Amino acid sequence: MALLAPQQIKITGLAPVLAAANAADTVAPDDRVFLLYRNTNAATRNITVVTPTKLDQYGQALPDIVVTIAATTGEERIGPMTQDLADPSTGLITVNLSATTDVTVAAIRI
Amino acid sequence: MLAYQPIGYVGYDGTFTPAPGTDDTVPTDTRGFLWVKNTGGVSRTVTVTVPGTSFSQPLPDVAINVPAGTETLIGPLPPGLGALVSVNYSSAAGISAAAVRLPFAGETLGFPDWVDLADWEHSWDMAHAQLVDGRAVNVTDRSGNRPLRLMPGEAPLLGADIDIYGPLPGPIWLPSSPRFNGRPALVCDRFPTVGSAFPLFAGLTPNTDGVTGTEDSDNFFNAPNGYPQPYWVAVLGRIGLPDAVGGTDEDPAGIWDAQHGDVGTGPTIGRKIVGIGAPNWQVSNFGPGLVLITAAHTATANETVLVLCCVNGASSFLEVTWRDAAGTLLTLRQTGTLLAWNYLECFAGWVHGPYLSAAGIGLGVPDEADLDLIRAWSARWIPPARSLPSEPS
């Protein structure tokens, strides 16, 4: 697990640097941050943003946010990484990955 | 022109279109950016046109090198770049681009944040308060650079001197107030005083640097004389504690205030402003001449209100939006003439004990479309009129 440090977009340009994704990564909540995933593997992957229990409604757990990233050339952007998604016990947002091979990720801030 | 593609929670895989030529445009948006990919074999230069001049010199454009086989993200693209940002590519060959926008948090849930409702000069949402021991000591100004801060320093106060009390304590932060259908809010509670002709309440102001006081002209809006007319103020609040010790909610009570009287002042918004008028919603000033606009609606502590006040000479108005006990949303606007004062300073609390959830200041004549948005947004947080126990319980 790694804490993803956001890379700030600038008017002079940002060349984002993607790093190998882990089965579980975290990011600090920031409503100007999104996650960029890329997948070069021949199989699709599922990205899961864990919804904390504080978002439960009517006694029912809010389902996690699941985004499928396409095979080979897939890329997905997910956000904003709002405070509502943060786990109250850690203050962080957790993002899980169904398989990590050939998947890279970056947190990017506008 | 490139249209924005939104990022969201269902994923956005990115649709990049080949550059139509060497020139393109993108709408300005503080949450928008241009994503350029260069799949060609040579580097390209993307040039963002910067309009305007400074000291009679044209502002230089921004040139970004995009090496072969790489990508770059350019932004944010604020309104200062013009309604449309002009972009030039040194060559369109191998270039594809997308205009991408990251929505604000509330937008993805179907409603925006307070900061996104209007072209505020300053906006404060009590959801963005910094706390010490449960009290708000700083509320971020998400539109400008004037956070609400503790009110320190010297300020004459109806026969007493705030110096012996200051700085005032910060208001109590309420994470989920039933007065605002569960929104965060502040309550400016009363604290013990000695020798004051008036009770004092916890308070915050944007007109302090945290060291000197509210009466220091260095800290006025547009020092030294404040913002000129026209300007407008929006407050989502509710009458709190009575202003008189042992009083009731029949006593004067303000929800947003201004006090300076030398060259003008901002509006004091509340009911039955001290010494004048019936117990209706009122906007008044204590600057050169005491004038007011009074809404023909009795103000009570049972109602959460959105108050919109425009100070614009003979075209000034006060507008109040509330719900009756049956839950019907009602809006009343009273027009009138306010004198040619400037907006020097403002505060919440101090001599009144309101509940506050959001406030903002706009310069110029308000855009009615913006006011529609503010009303629609606020309606969600205005409960039916009813008595509620004091908070915190």
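Not measured: the values here are computed from a predicted model.

How each quantity is defined
Residues numbered from 1 in each chain as written. Chains lettered and ligands numbered in written order. Predicted model: local features only at pLDDT ≥ 70, side-chain atom pairs only at ≥ 80, totals over all residues. Heavy atoms only, no water. Helix = DSSP H or I, 4+ residues; strand = E, 2+ residues; numbered from the N terminus. Buried < 20%, exposed > 50% of the residue type's maximum accessible area, 1.4 Å probe, protein only. Polar contact = N/O pair within 3.5 Å; in protein donor to acceptor, adjacent residues only side chain to side chain. Contact = heavy atoms within 4.5 Å. Buried area = accessible area lost by both parts, 1.4 Å probe. Salt bridge = Lys/Arg side-chain N within 4 Å of Asp/Glu carboxyl O. Core = buried A, V, L, I, M, F, W, Y, C linked by side-chain atoms within 4.5 Å. Phe/Tyr/Trp six-rings, centres within 6.5 Å; stacked < 30°, edge-to-face > 60°. Lys NZ or Arg CZ within 6 Å of the ring centre and 35° of its normal. Pairing = 2+ DSSP bridges. Axes fitted to C-alpha atoms, helices over the stretch in contact; angles between N-to-C directions. pLDDT = per-residue confidence, 0-100. Expected span 1.5 Å × (residues − 1).

Novice: What is the right way to read the side chain of Thr-72 of chain B from this model?
Specialist: Within the secondary structure, Thr-72 of chain B sits in strand S9 (residues 70-74). With a relative accessible area of 5%, Thr-72 of chain B lands in the buried category. A polar contact is formed between the side chain of Thr-72 of chain B and the backbone nitrogen of Leu-14 of chain A, at a distance of 3.3 Å. Look past the residues within four positions of Thr-72 of chain B in its chain and what remains in contact with it is Gly-13, Leu-14 and Ala-15 of chain A together with Leu-34, Trp-35, Val-36, Ile-64 and Val-66 of chain B.

Novice: What should I look at first to understand the interface of chain A and chain B in this one?
Specialist: Where the parts come together, the accessible area they lose is often given as the size of the interface. The partner chain B presents 34 residues to the 27 residues of chain A that form the contact. Roughly 2400 Å² is buried in total at the junction of chain A and chain B, and carbon and sulfur atoms are behind 58% of that figure. Of all residues in chain A, Ile-11, Arg-77 and Ile-110 of chain A bury the most surface against chain B, accounting for 29% of the area lost on that side. On the surface where chain A and chain B come into contact, there are 4 salt bridges. Close ionic contact of Glu-75 of chain A with Lys-37 of chain B constitutes a salt bridge, the shortest N to O distance being 3.1 Å. Linking chain A with chain B are 13 residue pairs in polar contact (both at pLDDT 80 or more).

Novice: Is there a simple way to explain the nonpolar core in this structure?
Specialist: Considering soluble globular proteins, one finds that nonpolar side chains tend to be buried as a cluster. Residues and elements named next belong to chain B. Membership of the largest hydrophobic core comes to 39 residues, with the highest contact counts inside it found for Trp-256, Trp-281, Leu-318 and Tyr-343. Here Leu-318 is in contact with Trp-281, Gln-282, Val-283, Ile-293, Ala-295, Val-307, Leu-308, Cys-309, Leu-332, Arg-333 and Gln-334, once residues within four sequence places are set aside. Leu-117, Phe-180, Tyr-355 and Ala-358 belong to the second largest nonpolar core, which has 23 residues in total.

Novice: For this particular structure, what's the right way to read the packing of aromatic side chains?
Specialist: Here a ring pair, both rings aromatic, is described through the centre-centre distance and the interplanar angle of the planes. Residues and elements named next belong to chain B. Inspection of every chain in the model, using the stated rule, returns 13 aromatic pairs over all chains. Judged by centre distance (5.9 Å) and plane angle (35 degrees), the rings of Trp-124 and Trp-256 are tilted. In this pair, Trp-124 sits in strand S12 (residues 122-132) while Trp-256 sits in strand S22 (residues 253-256), placing the two residues 132 residues apart along the sequence. An angle of 70 degrees between the planes, with centres 4.9 Å apart, marks the rings of Phe-347 and Trp-350 as edge-to-face. In terms of burial, Phe-347 and Trp-350 fall into one category: buried. Here the aromatic cluster, defined as three or more aromatic residues joined through ring pairs, consists of Trp-114, Trp-120, Trp-232, Trp-377 and Trp-381. The cationic tip of Lys-37 hangs over the ring face of Phe-16; the distance from NZ or CZ to the ring centre is 4.3 Å. Between Arg-179 and the ring centre of Tyr-355, over which it is positioned, the NZ or CZ distance is 4.1 Å.

Novice: Looking at this model, I keep getting lost on the sheet that holds strand S3 (residues 23-27) of chain B. Mind explaining?
Specialist: Backbone hydrogen bonds are what pair the strands of a sheet, in a parallel or an antiparallel way. Residues and elements named next belong to chain B. Ordered in space as S3-S10-S5-S8, the 4 strands form an open sheet in which the pairing is antiparallel. Each having just a single partner strand, S3 and strand S8 (62-66) make up the two edges of the open sheet. Direction aside, the axes of adjacent strands within the sheet are offset by 25 degrees on average. The sheet contact formed by strand S5 (residues 44-48) and S8 spans 5 bridges and is antiparallel. Along S8, the bridge assignment pairs Thr-45 with Asn-65.

Novice: Please explain the sheet that holds strand S4 (residues 24-27) of chain A as it appears in this structure.
Specialist: Residues and elements named next belong to chain A. Ordered by their spatial adjacency, 5 strands build an open sheet running S1-S4-S9-S6-S7, and the pairing between neighbours is mixed. This sheet does not close on itself; its edge strands, each paired only once, are strand S1 (3-4) and strand S7 (65-69). Inspection of the sheet shows strand S6 (residues 45-49) paired to S7 by 5 bridges, in the antiparallel sense. Each bridged residue has a counterpart across the sheet, and for Thr-48 the counterpart in S7 is Val-66.

Novice: So what exactly am I meant to see when it comes to the environment of Leu-2 of chain B here?
Specialist: Residues and elements named next belong to chain B. Assignment of secondary structure puts Leu-2 in the segment before strand S1 (4-6). Judged by its relative accessible area of 10%, Leu-2 falls in the buried class. Spatially, the C-alpha atoms of Leu-2 and Ala-97 are 8.4 Å apart, while their sequence positions differ by 95 residues. Not counting residues up to four positions away in its chain, the partners in contact with Leu-2 are Thr-17, Asp-24, Thr-25, Val-26, Pro-27, Leu-34, Tyr-89, Ala-97 and Ala-99.

Novice: I tried to follow the confidence of the model for chain B on my own but got confused; where do I start?
Specialist: It should be kept in mind that the predicted coordinates are not to be read in detail where pLDDT is low. Residues and elements named next belong to chain B. When pLDDT is averaged along chain B, the result is 85, and 87% of the positions lie at 70 or above. Mean pLDDT across the elements of chain B bottoms out in strand S15 (residues 156-157) (48) and peaks in S9 (97). This complex was scored by the predictor with a pTM of 0.61 and an ipTM of 0.90.

Novice: How should helix H2 (residues 368-379) of chain B be read in this particular structure?
Specialist: Since the α-helix advances by 3.6 residues per turn, residues separated by three or four positions end up pointing in the same direction. Residue and element names in this part refer to chain B. Between its first and last C-alpha, H2 extends 16 Å over 12 residues, near the 16 Å set by a 1.5 Å rise per residue. What H2 keeps buried is the set Asp-370, Leu-371, Ile-374, Arg-375, Trp-377, Ser-378 and Ala-379. Close packing links the buried residues of H2 with strand S18 (183-187), strand S21 (231-241), strand S26 (304-311), strand S27 (316-323) and strand S28 (329-336). Taking the backbone nitrogen of Ala-369 as reference, a side-chain oxygen 2.8 Å away marks Asp-367 as the first, capping residue of H2.

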